[in-house]
Amino acid sequence: MDNKRNNNRRVRRRGLKPMFRKRERSTLSILMLVCTCVLIFLFGRVIYLNVTKGEEYAVNVLAQQGQTEEDIPYKRGDILDRNGNVLATSIMVYDVIIDCKILNEEMADDAELINNASMAIAKCFGGDADKIKRKIEKNKTKSYWVYKKNVTYDHVRAFNDIKKEKGIDGVWFETKYKRKYPYNKLACKVLGFSYKTLDGDGADIGIEGSYNDYLNGVNGRKYGYMDSQDIFQNVVKEPTDGNNVVSCIDMNIQRVVEKSIAKYMKKYSPKRIACVIADPHNGEILAMADDKVFDLNDPTNLDDYYSKIEQEEMTEKEQSTALNSIWNNFCITDSFEPGSTAKPFTVAAAFEEKLINENSMFFCDGVQSVGGFKIHCHDVSGHGRINVKTAVAESCNDTMMAIGAKIGAKKFAQYQNRFGFGTKTGIDLPNETRGLVYEADEIGSATLATNSFGQNFTVNMIQMTSGFASLINGGNYYEPRVVKKVTTEQGDLVKNYSRNLIKQTVTDDTSSYIKSCLREVVLTGTGSTAAMPGYTVGGKTGTAEKVKENGRGRIKGQYILSFIGCVPCENPQVICYTIMDSPKENTQATAFNTELWRDIMGQVLPYMGIEKTEKIEKKAKKKKLIKEFYENGIIEGDDGKLIVKKKKR
């Protein structure tokens, strides 16, 4: 004991401490054990990973030393017309990339390399060879110079021939797709245009906008890396191309419409012309256009509407406003008072509710006092005693006001909704307007009177076309569409848009009666200038004084002239709706608009193979079968005798 104490004293005297106490030694042992266990675990994990995924990790590590990545662009789907004609497609183009660093580094082995490359680039892609050469020599460390964008394969092929002959290195090409519209301005409002975004292709208007998700694809990718044996490996993930969209548009009918619009804009100088042509039995739109057109391949070009000086003086906001006014599809984005084209709807509602019949008579003295207002007929001297069919033919406001009063505000509002006024039709194009109609409790006697003949509420052209189709096809209201189906590039069906029946607006009996009224408009009434020899044209004219943009008051002397018609009237196969806004020579000249309508249909009807049935109609009248003609349809047998068809139920 004494020796031990003496030893400890010697240690303290020398300035030293005991190595470890017993408790400290125990703690240290535990820590060492834990560290050893962790090291053993990590070592085991490394062995496990090396055995199971060693090759994969090795490739990844090596790939960091020599990896390349390249996007492979997808091809945006095509848009076709109903007959398979391509209206929008994507073509492969190339960006010319110059690697100045490589060209300068290889000059030591080939003194003429830069000179040959510069001359080949200038010859195939344009530019000055000397300037190209100087820029390459100046940018010795630059590996990525985009010399020119969107060159065609013919130019690339020509360069590659020279490249192979001269041994040129350091020039390569990036591939991509460019949207191309083969017919430039044709159907521009319906098609719309696409543009590049960070995520692919974007679009806001037309079919390009509505079907963007179907038309877009997914980029592929090409990977290159060095594997564990220092061998360069390629991995390719192929792109997924977009789907094709088959539209309802008939390119030939669309071309007829656009040419006629341009012709009559020049002839009568109106503020606006627009046209919609549709199939009344399924809601398909065959053509749609207005007078403001633009080149889909250069949609921001304002040269057709503004001088260079005017464009230079525009602010960015003014330019944007100008472009949007040109891009807007008037047929769906703008609303207006329908005028007298609304009268068949008023008559249909009353006939459907059995408030009037074929023999109902009214008296027109040229004016009615309603709700404290004097509301005039367009014939201020009055039509006298008149039946409903003649009232439609002569466009009698007085009779319509009397019929509207019979219907009443509540029922009138219900039928406006039934015919699709005040609600969106659901057409597959963006930015459709609803128009403006009154709720039942907002309709006073004066409002009901003016609404009955098409004033004091607004519609768009698609609403009128769809509602009118239901009046003449037996009462079936179909959702209007500009697209028939979506397919893969190989033609396999992705989505089918068959006719979508939304509702029944009127009965077949009402439809038959309305068709006879529409025929009378053209035979003896205000639409006589729409008559076409051989065809049984039916329709209704309209004239509505324009309302100011703020909705307060009317623009004196400016009128929306319209005609909506169908052929053949007894069994309509096509609807054409045209409007003309205030022709310069005579702002109320309805005949100018029906002349436009006739010019369009004079080309469309033969193209569609629409039957001429006027002779059968005349025979039916002589045989006193005209009612059967509109209700069931009549054909002429080989022996010349009339055969009444059986009505489809």
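Structural data are supplied above this passage.
Remember, predicted model here, so these are calculated numbers, not experimental data.

About the criteria used
- Residues numbered from 1 in each chain as written.
- Predicted model: local features only at pLDDT ≥ 70, side-chain atom pairs only at ≥ 80, totals over all residues.
- Heavy atoms only, no water.
- Helix = DSSP H or I, 4+ residues; strand = E, 2+ residues; numbered from the N terminus.
- Buried < 20%, exposed > 50% of the residue type's maximum accessible area, 1.4 Å probe, protein only.
- Contact = heavy atoms within 4.5 Å.
- Areas by Shrake-Rupley, 256 points an atom, 1.4 Å probe, with all protein chains shown as cover.
- Arc of directions from axis to C-beta.
- Salt bridge = Lys/Arg side-chain N within 4 Å of Asp/Glu carboxyl O.
- Phe/Tyr/Trp six-rings, centres within 6.5 Å; stacked < 30°, edge-to-face > 60°.
- Patch = residues over 30% accessible without salt bridge, like charges linked within 9 Å, V, L, I, M, F, W, Y side chains within 5 Å.
- Lys, Arg positive; Asp, Glu negative; His and termini not counted.
- Charge placed at Lys NZ, Arg CZ, Asp CG, Glu CD.
- Pairing = 2+ DSSP bridges.
- Axes fitted to C-alpha atoms, helices over the stretch in contact; angles between N-to-C directions.
- Core = buried A, V, L, I, M, F, W, Y, C linked by side-chain atoms within 4.5 Å.
- Parallel < 35°, antiparallel > 145°, perpendicular 65-115°, else oblique.
- Left-handed = near helix turned anticlockwise from the far one by under 90°.
- Nonpolar A, V, L, I, M, F, W, Y, C, P; charged D, E, K, R; others polar.
- Disulfide = S-S within 2.5 Å.

Peer 1: Help me understand the overall build of the protein chain in this model?
Peer 2: A tally of helices and strands in the protein chain yields 23 helices and 25 strands. With 649 residues in all, the protein chain has 46% of them scored as buried. Once local pairs closer than 6 in sequence are excluded, the contacts in the protein chain between residues at least 24 apart make up 69%. Counting every atom, the protein chain has about 33,900 Å² of accessible surface; 49% of that belongs to carbon and sulfur.

Peer 1: Mind showing me how you'd approach helix H17 (residues 409–418) here?
Peer 2: Residues three or four positions apart in an α-helix share a direction because the helix packs 3.6 residues into each turn. Here H17 has its buried residues at Phe412, Ala413, Tyr415 and Gln416. Down the axis of H17, the sector holding all buried residues measures 165 degrees, keeping them to one side. The secondary structure elements touched by the buried residues of H17 are helix H14 (343–352), helix H16 (397–407) and helix H18 (445–452). One or two positions beyond H17, positive phi appears at Gly420, with a value near 95 degrees.

Peer 1: Explain the pattern of salt bridges here, please?
Peer 2: For side chains bearing opposite charge, pairing can occur when the charged atoms are close. Under the definition given, this model contains 23 salt bridges. When the shortest N-O distance is used, the salt bridge between Arg272 and Asp291 registers 3.6 Å. With Arg272 in strand S11 (residues 272–278) and Asp291 in the loop between strand S12 (285–290) and helix H11 (308–313), the pair connects residues that are 19 residues apart, well separated along the chain. Of the two residues, Arg272 and Asp291, neither departs from the other in class, the shared state being buried.

Peer 1: What's the story with the packing of aromatic side chains in this structure? I'm lost.
Peer 2: Two numbers describe a pair of aromatic rings. These are the distance of the centres and the angle of the planes. Counting across every chain of the model gives 21 aromatic pairs. For the pair Phe563 and Trp597, a centre-to-centre distance of 5.1 Å together with 80 degrees between the ring planes defines the contact as edge-to-face. Remark: Trp597 occurs in helix H21 (residues 590–608) and Phe563 occurs in strand S22 (residues 554–567); sequence separation between them is 34 residues. Just as Phe563 is buried, Trp597 falls in that class too.

Peer 1: I would appreciate a short explanation of a positive patch on the surface in the present structure.
Peer 2: The grouping of Lys612, Lys615, Lys618, Lys621 and Lys622 at the surface amounts to a positive patch. One can find Lys615 in helix H22 (residues 614–622). On the basis of relative accessible area, Lys615 is assigned to the exposed category, the value being 70%.

Peer 1: I keep staring at the sheet that holds S11 and nothing clicks. Help me out?
Peer 2: Paired through their backbone hydrogen bonds, the strands of a sheet run either parallel or antiparallel. Strand order in the open sheet formed by 5 strands is S12-S11-S23-S22-S21, and the pairing between neighbours is antiparallel. The outermost strands of the open sheet, each flanked by one partner alone, are S12 and strand S21 (538–547). On average, adjacent strands in this sheet sit at an angle of 10 degrees to one another, irrespective of strand direction. Its contacts with the sheet put H21 on S11, S12, S21, S22 and strand S23 (574–581), and the angle it makes with S23 is roughly 150 degrees.

Peer 1: Just to check I follow, could you spell out the nonpolar core for this structure?
Peer 2: A general trend in soluble globular proteins is that nonpolar side chains are found buried together. Of all hydrophobic cores here, the largest spans 99 residues; its most connected members are Ile207, Ile285, Met288, Val347, Ile403, Met461 and Val482. Of the residues forming this core, the biggest block, 7 residues, is contributed by helix H19 (residues 461–472). In contact with Val482, not counting residues within four places along its chain, are Val190, Ile207, Ser247, Cys248, Ile249, Ile285, Met288, Ile427, Asp428 and Leu429. Counting 31 residues, the second largest nonpolar core, distinct from the first, contains Val257, Ile261, Ala289 and Val522.

Peer 1: Please clarify how the pairing of strand S19 (residues 493–496) should be interpreted in this entry.
Peer 2: Along any regular strand, the residues point their side chains to alternate faces of the sheet. Here 3 bridges tie strand S18 (residues 483–487) to S19, and the two strands are oriented antiparallel to one another. The residue bridging Thr487 from the neighbouring strand is Leu493, located in S19. In this structure, the hairpin formed by S18 and S19 is closed by a connection of 5 residues, where Gly491 is found at a positive phi of approximately 100 degrees.

Peer 1: Would you mind going over a nonpolar patch on the surface with me for this structure?
Peer 2: Nonpolar side chains collect at one region of the surface, where Ile30, Val34, Val38, Phe41 and Leu42 lie side by side and expose about 480 Å² of accessible area between them. Topologically, Leu42 is positioned in helix H2 (residues 22–65).

Peer 1: Could you clarify how one ought to interpret the environment of Val86 in this entry?
Peer 2: Following the sequence through the fold, Val86 ends up in strand S3 (residues 86–98). Residue classification places Val86 among the partly exposed residues on the basis of a relative accessible area of 29%. When the C-alpha positions of Val86 and Tyr183 are compared, they lie 9.1 Å apart, and in sequence the two are 97 residues distant. Setting aside chain neighbours within four positions, we find Val86 in contact with Ile79, Leu80, Pro182 and Tyr183.

Peer 1: Explain the environment of Met119 to me, please; I cannot follow it from the model alone.
Peer 2: On the secondary structure map, Met119 appears in helix H4 (residues 113–125). On the accessibility criterion, Met119 (48% relative accessible area) is partly exposed. Measuring from C-alpha to C-alpha, the distance between Met119 and Ala129 comes to 5.0 Å, with 10 residues separating the pair along the chain.

Peer 1: What am I meant to see in the packing of H16 against H18 here?
Peer 2: Packed helices, taken two at a time, are described by their axes: the angle between them and the distance between them. Where H16 contacts H18, the axes come no closer than 8 Å and their chain directions differ by 125 degrees. Between H16 and H18, the interaxial angle falls into the category oblique. Between H16 and H18 the crossing geometry is right-handed. Contacts between H16 and H18 involve Met400, Met401, Gly404 and Ala405 from the first element and Leu448, Ala449 and Ser452 from the second. Of the residues belonging to the contact of H16 with H18, the class tally is 5 nonpolar, 2 polar and no charged.

Peer 1: How should unusual backbone geometry be read in this particular structure?
Peer 2: A negative phi angle characterises most non-glycine residues, just as the trans form characterises most peptide bonds. Along the chain, Val567 connects to Pro568 via a cis peptide bond; the corresponding omega equals -20 degrees. In this fold, Pro568 is placed in the loop between S22 and S23. Look at Asn150: it is not a glycine, yet its phi comes out positive at around 60 degrees. One non-glycine residue with positive phi stands out, namely Asn431, at about 75 degrees. In this structure, Asn431 sits in the loop between H17 and H18.

Peer 1: Teacher, can you tell me more about the state of the cysteines here?
Peer 2: Simply put, the disulfide is a covalent bond whose two ends are the sulfur atoms of two cysteines. In total, this model carries 0 disulfides according to the counting rule given. Of all cysteine sulfurs in the structure, the one in Cys569 sits closest to Cys566, which takes part in no disulfide; the separation is 4.5 Å. On the basis of relative accessibility, which here comes to 0%, the residue Cys566 falls in the buried class. Cys576 forms no disulfide, and the closest cysteine sulfur to it belongs to Cys275, at a distance of 3.9 Å.

Function-wise, these values are silent; they only describe arrangement.
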